[in-house]
Amino acid sequence: MAVQTFNLPDPGEGLVEADIVSWKVQVGDEVSTNDIVVEIETAKSLVELPIPWAGKVTQLLVDEGATVEVGSPIITVDVAGAASTEPSEVTTPSAEEPEERTPHLVGYGAAPAQTARRARKGASAVPGAAPAPPAPAAVAAPPEPAPASAAPEVAARPMERAATPPAAGGKVLAKPPVRKFAKDHGVDLSTVAPSAESGIVSRADVERHLANGAAPASDSAPVAASASSQERETRIPVKGVRKFTADAMVASAFTAPHVTEFVTIDMTATMELVDRLRSDREFTGLKVTPLTVLAKALCVAVKRNPGINSSWAQKPDGSAEIVQKRYVNLGIAAATPRGLVVPNIKDADAMSMRDLAQALGELTATAREGRTPPGDMSGGTITITNVGVFGVDTGTPIINPGEAAILCFGAVRKMPWVVTDSDGNDTIMPRHVTQLSLSFDHRMVDGDLGSRFLSDVAALLQDPSRALVWG
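About the thresholds
- Here the residue index of a chain counts from 1 through its sequence in written order.
- Whole-chain, interface and lining totals are the exception, using all residues; otherwise, since this is a predicted model, local features are given only for residues with pLDDT of at least 70 and side-chain atom pairs are given and counted only at 80 or more.
- To obtain the side-chain values, all non-hydrogen atoms of the structure were included, while hydrogens and water were left out.
- Comment: elements are numbered from the N terminus, with helices defined as DSSP H or I runs of at least four residues and strands as E runs of at least two.
- Throughout, a residue-residue contact means that at least one pair of heavy atoms, one from each residue, lies within 4.5 Å.
- Residue-level accessible areas treat just the shown protein chains as cover; the underlying method is Shrake-Rupley with a 1.4 Å probe.
- Geometry of aromatic contacts follows a simple scheme: Phe, Tyr and Trp rings, the Trp one being its six-membered ring, pair when their centres are within 6.5 Å, and the pair is stacked under 30 degrees between planes, edge-to-face over 60, tilted otherwise.
- Three labels apply to residues, based on accessible area from a 1.4 Å probe with only protein chains included: buried if under 20% of the type maximum, exposed if over 50%, partly exposed otherwise in between.
- In this scheme, Lys NZ or Arg CZ marks a charge over a ring once it lies within 6 Å of the ring centre and within 35 degrees of the ring normal.
- Grid points spaced at 1 Å and placed over the protein atoms alone form the basis of the search, with a cavity being a set where a 1.4 Å probe fits but cannot get out and a pocket an open set showing protein on both sides within 12 Å along at least five of seven lines. Lining residues have an atom within 4 Å of a point.
- Grid points are joined across faces, edges and corners, and a volume is the space filled by probe spheres set on the points.
- Note on residue classes: Ala, Val, Leu, Ile, Met, Phe, Trp, Tyr, Cys and Pro are nonpolar, Asp, Glu, Lys and Arg are charged, and everything else, Gly too, is polar.
- Salt bridges are defined by distance alone: a side-chain nitrogen of Lys or Arg within 4 Å of a carboxyl oxygen of Asp or Glu.
- Here, nonpolar core refers to any group of buried Ala, Val, Leu, Ile, Met, Phe, Trp, Tyr and Cys residues whose side-chain atoms link them within 4.5 Å.
- Only strands that DSSP links by at least two bridges are regarded as paired with each other.
- Think of a patch as exposed residues, more than 30% relative accessible area, with no salt bridge, where like charges cluster within 9 Å and nonpolar side chains (Val, Leu, Ile, Met, Phe, Trp, Tyr) cluster within 5 Å.

On to the overall build of the protein chain, then. Each helix and strand counted, the protein chain has 9 helices and 22 strands in total. For the protein chain, the proportion of contacts with a sequence separation of at least 24, taken over those separated by at least 6, is 66%. Summed over all atoms, the accessible surface of the protein chain reaches about 23,400 Å², with 53% contributed by carbon and sulfur.

Structure follows, in structure tokens:
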């Protein structure tokens, strides 16, 4: 048996670091080749990492919540029949190497073999860099930390034993997220009485300690929020997807001169088309929404106004080029618990309405689960943001970096609308009405092009049959 060290592999897409979200194994666990051992969060998505060897876990070198640079050692495994290597000597083979040892990122391509998720074991160790004996009997067994919402229930549960803080100088057992929570609130964990029989301090224990009016430790880090049951501030670390989005939006807002135009339209014909498609056998099992029709309309309008589907390329000599794309990688802005992401549908312009409905369903579901692969987050050419799902009428969206325009789709509402018949007579009728807004980069798109593109999209939603004429 010899120890192998697994380094954080390069996820590609120019990413240089990742956060450790959760360990799926603990010290002493037996692992097989391609077992999932850790979940990480890059700046673009959540990724599960399989281990390229079979053996026994000997060390978890990084705590949950820590940010790790690509190439840094994160876990060691005692592997049968392998030569021992030091962490500094181990390198991660490139994705092109067909070796079985190649660390493969789930979601970044086909795995060398079927990956399997390991169930989290009841007995687990607090991750840390200190060496740990391989014998499971020497491993502590902390339970999962209780979420903040569970605190009242935990606090109200009767204690089966007297809860007392650890003896002075004794080791306090707590998971890394609980240690961080205590540190942020200026709490010395040695003063907190654990409620569990195992002696593990949970987040609920720390919250109860704060609620009882305990004073912060004098030598602790600055308090991140008011130490009381009625916290007045919460500080959320800006990292991962949220940090990536924040940097991108700032760069876009202060680089591209934004112009936004608006139009209000009667899209009753589109809503009638959606109803027909939902009952069409070709769309069985697919979710058809007004966004499906809008995606198709946008692709048709891009064909008529190709300049809207462009990017700005700065050259080393200071000059610049406008690059017009002859394909549409349609970005769909999606709100997720980890922040805003904009995955895109590759070659959306070549898809039928049915293909678009399927692609949209898969894209949004994957994005909300936080498992969009980085390849789907890059290469977008134009974006739709659907604020209508929140009941919002319109907005002035910020252009996704590397693109020339973003289309905002507002809520569809029944409203009184003046309808003109073939004889020129006006009648006020209830109609399905929405607002569209288009933000565009004025370096590449002038008012004429932006207006014509927005007008074409509006015309297609007012009368989808125009797509048969325009192609």
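Here we come to the packing of aromatic side chains. For the structure on display, the rule yields 1 aromatic pair. Judged by centre distance (6.2 Å) and plane angle (90 degrees), the rings of Phe 6 and Trp 53 are edge-to-face. With a gap of 47 residues between them, Phe 6 in strand 1 (residues 2-7) and Trp 53 in the loop between strand 5 (46-50) and strand 6 (55-60) connect regions that are remote in the sequence. Of the residues examined, Phe 6 reaches a relative accessible area of 2% and is grouped as buried. Above the plane of the ring of Phe 181 lies Arg 203, whose end atom (NZ or CZ) is 4.0 Å from the centre. The side chain of Arg 443 reaches across the aromatic face of Trp 312, ending 4.5 Å from its centre.

The next subject is the layout of surface pockets. What the second largest pocket holds in volume is close to 580 Å³. Going through the elements one at a time, helix 6 (290-304), strand 16 (334-336), helix 7 (353-368) and strand 19 (382-386) are the ones with two or more residues in the lining of the second largest pocket. Residue contributions to the lining of the second largest pocket peak at 6 residues, all from helix 7. Split by residue class, the lining of the second largest pocket holds 16 nonpolar, 8 polar and 2 charged.

Summed over the entire model, instances satisfying the criterion amount to 11 salt bridges. Linking Asp 266 and Arg 431 is a salt bridge whose minimum nitrogen-to-oxygen distance equals 2.9 Å. Taken together, the residues Asp 266 in strand 12 (residues 258-266) and Arg 431 in strand 22 (residues 426-441) connect sequence positions 165 residues apart. A salt bridge links Asp 393 to Arg 413; its shortest N-O distance comes to 2.7 Å. With Asp 393 in the loop between strand 19 and strand 20 (405-409) and Arg 413 in strand 21 (residues 413-420), this pair connects stretches of sequence that are 20 residues apart. Classification of Asp 393 as partly exposed rests on a relative accessible area of 32%.

Before going further, it helps to spend a moment on the nonpolar core. Side chains that are nonpolar tend, in soluble globular proteins, to be buried together. Formed by 49 residues in total, the largest nonpolar core has its most connected members in Leu 298, Leu 330, Ile 382, Leu 436 and Phe 453. The greatest single-element share of this core, amounting to 10 residues, is contributed by helix 6. Residues contacting Leu 436, with those up to four places away along its chain left out, are Glu 261, Phe 262, Val 263, Ile 265, Leu 407, Cys 408, Phe 409, Leu 454, Val 457, Ala 458 and Leu 461. Leu 8, Trp 23, Val 38 and Ile 51 belong to the second largest nonpolar core, which has 24 residues in total.

Consider a sheet: its strands pair through backbone hydrogen bonds, and that pairing is either parallel or antiparallel. Pairing is antiparallel across the open sheet formed by 4 strands, whose spatial order is 1-8-6-3. In this open sheet, the two strands that pair with only one neighbour each are strand 1 and strand 3 (30-31). Of the pairings in the sheet, the one linking strand 1 to strand 8 (residues 73-79) comprises 6 bridges and is antiparallel in character. Each bridged residue has a counterpart across the sheet, and for Thr 5 the counterpart in strand 8 is Thr 76.

Time to look at a nonpolar patch on the surface. Taken together, Val 389, Phe 390 and Val 392 make up a surface patch of nonpolar side chains, about 310 Å² in accessible area. Here Val 389 shows up in the loop between strand 19 and strand 20.

For strand 19, the tally of buried residues reaches 5 of 5 residues, placing the bulk of the element in the interior. Side chains Ile 382, Ile 384 and Asn 386 of strand 19 all project onto a buried face; the interleaved residues Thr 383 and Thr 385 project onto the opposite face, where all are buried too. Of the strand pairs in this sheet, strand 15 (residues 330-332) and strand 19 are connected by 3 bridges, and their pairing is parallel. Among the inter-strand pairings, Gly 331 is bridged to a residue of strand 19, identified as Thr 383. As paired strands, strand 19 and strand 20 are joined by 4 bridges and run parallel to one another. Paired with Asn 386 across the bridge in strand 20 is Phe 409.

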